[in-house]
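If you want the building blocks of each chain, they are given just below.
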Amino acid sequence: MKILYVALSMRGMGDIIDGGRDDRGLPSFVYPLKAFIKNGHEVKIILISSHRKPINIKVGWLRNEDVIYNSNVDIVSGNQVRRLINKTKESMKLCEVINKELKKGNYDFVYCHGKAALFGNIIANIRHVPCGYRIYGTMDMYSMIKRKGIIYTILKYPSYFVLFNIKKEFMLITDDGSRGDYVVNRIRIKDNYDVYNWKNGVDRNFDNIERSHLDLPQKSFLFTAGRVCVPKRQHKSIEVLNALVRSGHDLDLVIAGPLVDIDYYKRLKEMAKKMDIEERVHFLGDVPRDLMQRYAHESIAVLLFARSSNLSNVFIECGMVGSVIITYNEMPLQEFISDGVSGFFVYHSIDSVKIIEKILSKNKMELDELKKKIRMTMDEKMLTWDERCEKEIALVQRYAANG
């Protein structure tokens, strides 16, 4: 099978094309791509990134020539008119490249990833090539529909209205608790493609990295992970740390994740400084998944207070290694956490303070039992990444054959 990937440069892909490793970033993008190639399928990639990088791929499973174009649709310019002109030019160029490739390439399938890959869907339809679409959650659209209605949501996210209403073979959505299947079915006008809402996979091969090999605080610490940006709300974890320190607890906070919003990162640093806990808050930046899991495993508790949904890769990966997770009481998470038995729910992040104080007072046997429960739940309910990738490959093969 020959597949054309038209994809937003997901987190981690930039590392790969810049000569880095493939164990950072978004596994739900990198792992299936890797599996397609390792299963003998021919994959060519058109990337849509925020800036052009020279292609310098060093991972063994992907070659420089597999990335046939690295577009730059989101050019940064201080002048909004010039920015719009640049984006229009790049979008036209992107369409030209996709059309030319499909015209000459004899492709069996076009696989679009991320909102910015919309042009791939449009041109695949024009060229009569079967097309599938992959999105990685629907943010806060579910709650927005419930609170403010369909019209308001469409006006807030007009590009998603277009995306959800263009014909395709299927749309595969990450089941991250954002209720993507509901959102799509409410916004699309015609039922002209299939919708799948799948959870990500898990890696059960947890590397037993020695604590001494990690750059950990000497004292006990709390942990949170995810892109450092406003929707992930790392400031809530800093507030929890501050309340605990003011109550006399000698704790630190470790924050892992790429600094995607520098202004927000600076605000977090300033916030910690004003609270006089700056030396207790440690930013690791982007770290490989095995290291992230080890930090989570060694922590007193993992705090996850994202705005829209917390059934994320981080939640799954931390649960898989038996971390004590404190998060909001969201319906999708109730499948994995029984409050007080395999983790803890809060309605307000600051309620975590009392829970953490209880955790600090528990004996090792009680904590081990709690960690065992979340690990067992993940084992029972989650596919491995190998199984999850095989399922996605089978999905694409089925629609490519029927197309």
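Provided above is the structure to which this section pertains.
Residues numbered from 1 in each chain as written. Predicted model: local features only at pLDDT ≥ 70, side-chain atom pairs only at ≥ 80, totals over all residues. Heavy atoms only, no water.

Draft legend 1. Summary view of the environment of P288. Looking at the element boundaries, P288 is found in the loop between β10 (281–285) and α11 (289–298). In this structure the C-alpha to C-alpha distance between P288 and G20, which are 268 residues apart in sequence, comes to 11 Å. (Helix = DSSP H or I, 4+ residues; strand = E, 2+ residues; numbered from the N terminus.)

Draft legend 2. Looking closely at a negative patch on the surface. Together, D203, D386, E387 and E390 line one region of the surface with negative charge. For D203, the location among the structural elements is in the loop between β7 (194–198) and β8 (221–225). On the accessibility criterion, D203 (35% relative accessible area) is partly exposed. (Patch = residues over 30% accessible without salt bridge, like charges linked within 9 Å, V, L, I, M, F, W, Y side chains within 5 Å. Areas by Shrake-Rupley, 256 points an atom, 1.4 Å probe, with all protein chains shown as cover. Salt bridge = Lys/Arg side-chain N within 4 Å of Asp/Glu carboxyl O. Lys, Arg positive; Asp, Glu negative; His and termini not counted. Charge placed at Lys NZ, Arg CZ, Asp CG, Glu CD. Buried < 20%, exposed > 50% of the residue type's maximum accessible area, 1.4 Å probe, protein only.)

Draft legend 3. Region of the structure containing helix α9 (residues 234–246). The end-to-end C-alpha distance of α9, which contains 13 residues, comes to 19 Å, matching closely the 18 Å that a straight helix rising 1.5 Å per residue would cover. Among the residues of α9, Q234, K236, S237, I238, V240, L241, N242, L244 and V245 are the ones counted as buried. G248 lies just past α9 and shows a positive phi near 100°. (Expected span 1.5 Å × (residues − 1).)

Draft legend 4. The arrangement of the pairing of strand β2 (residues 42–49) in detail. Burial of β2 is extensive: 7 of the 8 residues sit out of reach of the surface. As paired elements, strand β1 (residues 2–8) and β2 share 7 bridges and run parallel to each other. When the sheet's bridge partners are listed, I3 is paired in β2 with V43. (Pairing = 2+ DSSP bridges.)

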